[in-house]
Amino acid sequence: MSNVTVRTLTPSETAAALPELAEILSDCVEGGASVGFMSPYTPQEAIPYWEGVARAVAEGSTVLIVAETDGEILGTVQLGIGTMPNQPHRADLKKLLVHRKARGLGLARLLMDAADAEARRHGRHVLVLDTATGSPAESIYERLGWQRVGVIPQYALMPDGSYCGSTFFYKSLPTD
Ligand SMILES: CC(C)(COP(=O)(O)OP(=O)(O)OC[C@H]1O[C@@H](n2cnc3c(N)ncnc32)[C@H](O)[C@@H]1OP(=O)(O)O)[C@@H](O)C(=O)NCCC(=O)NCCS
């Protein structure tokens, strides 16, 4: 594999990475992934979303992790830790995204390992996510140690406007 680095971004690093992050999100939507946005979706249109993430990173409610290949950010995942006071041990896994040109190289696995490590660092041992039912992403979470809970039909739309269900997963990390 090329030279891959996985790291957690600071608020200023997040601000500097906005164009690369916007390119990844646009590429995933245009590739047919149901990740919150409708097609067509340009990198420019994705900037406001990432500006919101940058604010969440700055206020400490989101941990933003990226994977770089030869210095270029090509994958990302977020850990939402701005939970309610009665859920200080829980986190939401969000927006696992790998650019189409870097798929199948193990970036998602590295990002998910890093998310586990960040969750532990923040005292979070119950992790939750949802993903489009029937998507390639759905099949990888069980390989990565997540438990499938069930499906909510017609939960969201695919980028082309058709309905898609959402499959919910959780992962319990060991507490020591
Ligand atoms: C899902 C996604 C993040 C996977 O990224 P990736 O970097 O290609 O995945 P990896 O190479 O790290 O593969 C991780 C594991 O999943 C498997 N896998 C990867 N793509 C797969 C596919 N399309 N179908 C089945 N299994 C797949 C790999 O074999 C690997 O398992 P292994 O390590 O046991 O061999 C990527 O396809 C993507 O960004 N999709 C669009 C966005 C999306 O749907 N995100 C999920 C939002 S919840």
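Use the structure listed above.
## Re the sheet that holds strand S4 (residues 90–98)
The strands making up a sheet associate through hydrogen bonds between their backbones, and the pairing can be parallel or antiparallel.
Right, on to step 1. If you trace the seven strands from one edge of the open sheet to the other, you get S1-S2-S3-S4-S5-S7-S6, paired in mixed fashion. Of all the strands in the sheet, just strand S1 (4–8) and strand S6 (147–157) have a single pairing partner and so form its edges. Taking the axes of each pair of neighbouring strands and ignoring which way they run, one obtains an average angle of 25° across the sheet.
Right, on to step 2. Summarising the sheet, strand S5 (residues 126–132) and strand S7 (residues 163–172) pair through seven bridges and their orientation is antiparallel. Each bridged residue has a counterpart across the sheet, and for Val126 the counterpart in S7 is Ser172.

## Concerning the packing of aromatic side chains
Right, on to step 1. Counting across every chain of the model gives six aromatic pairs.
Right, on to step 2. For the ring pair Phe37 and Tyr41, a centre distance of 4.6 Å and an interplane angle of 15° mean the geometry is stacked.
Right, on to step 3. On the basis of relative accessibility, which here comes to 21%, the residue Phe37 falls in the partly exposed class.
Right, on to step 4. When the centroid spacing of 5.0 Å and the interplanar angle of 75° are considered together, the rings of Tyr49 and Trp50 count as edge-to-face.
Right, on to step 5. In this structure Tyr49 comes out as partly exposed when scored by relative accessible area, which is 22%.
Right, on to step 6. The exposure class assigned to Trp50 is buried, which follows from its relative accessible area of 0%.
Right, on to step 7. Through pairs of rings, three or more aromatic residues link up here, namely Phe37, Tyr41, Tyr49 and Trp50.

## Things to note about helix H3 (residues 107–121)
Right, on to step 1. Taking 1.5 Å of rise per residue, 15 residues should cover 21 Å, and H3 covers 21 Å from first to last C-alpha, within 8% of that figure.
Right, on to step 2. Of all the residues in H3, the buried ones are Leu107, Ala108, Leu111, Met112, Ala114, Ala115, Asp116, Glu118 and Ala119.
Right, on to step 3. Downstream of H3 by a residue or two, Gly123 has a phi angle that is positive, lying close to 75°.

## A closer look at the side chain of Glu118
Right, on to step 1. Assignment of secondary structure puts Glu118 in helix H3.
Right, on to step 2. Leave out the neighbours within four places in its chain, and Glu118 touches Thr8, Val63, Ile65 and Leu79.

## Looking at the environment of Phe37
Right, on to step 1. Here Phe37 lies in the loop between helix H1 (11–30) and helix H2 (43–59).
Right, on to step 2. For the pair Phe37 and Asn86, spaced 49 residues apart in sequence, the C-alpha separation works out to 31 Å.
Right, on to step 3. Those residues in contact with Phe37 that lie beyond four places of it in its chain are Leu25, Val29, Tyr49, Lys95 and Pro159.

## A short note on H2
Right, on to step 1. Taking 1.5 Å of rise per residue, 17 residues should cover 24 Å, and H2 covers 24 Å from first to last C-alpha, within 8% of that figure.
Right, on to step 2. A maximum bend of about 25° is found in H2 at Tyr49.
Right, on to step 3. Once H2 ends, the next one or two residues include Gly60, with phi positive near 85°.

## Section: the side chain of Glu138
Right, on to step 1. By the element assignment, Glu138 lies in helix H4 (residues 136–143).
Right, on to step 2. For Glu138, a relative accessible area of 12% translates into the label buried.
Right, on to step 3. A distance of 3.0 Å separates a polar atom in the side chain of Glu138 from a polar atom in the side chain of Thr167.
Right, on to step 4. Apart from residues no more than four positions distant in its own chain, Glu138 is found in contact with Thr131, Ala132, Thr133, Arg148, Thr167 and Phe169.

Conventions and cut-offs
- Residues numbered from 1 in each chain as written.
- Predicted model: local features only at pLDDT ≥ 70, side-chain atom pairs only at ≥ 80, totals over all residues.
- Heavy atoms only, no water.
- Pairing = 2+ DSSP bridges.
- Helix = DSSP H or I, 4+ residues; strand = E, 2+ residues; numbered from the N terminus.
- Axes fitted to C-alpha atoms, helices over the stretch in contact; angles between N-to-C directions.
- Phe/Tyr/Trp six-rings, centres within 6.5 Å; stacked < 30°, edge-to-face > 60°.
- Buried < 20%, exposed > 50% of the residue type's maximum accessible area, 1.4 Å probe, protein only.
- Expected span 1.5 Å × (residues − 1).
- Contact = heavy atoms within 4.5 Å.
- Bend = angle between axes of the 7 residues up to and from the residue.
- Polar contact = N/O pair within 3.5 Å; in protein donor to acceptor, adjacent residues only side chain to side chain.

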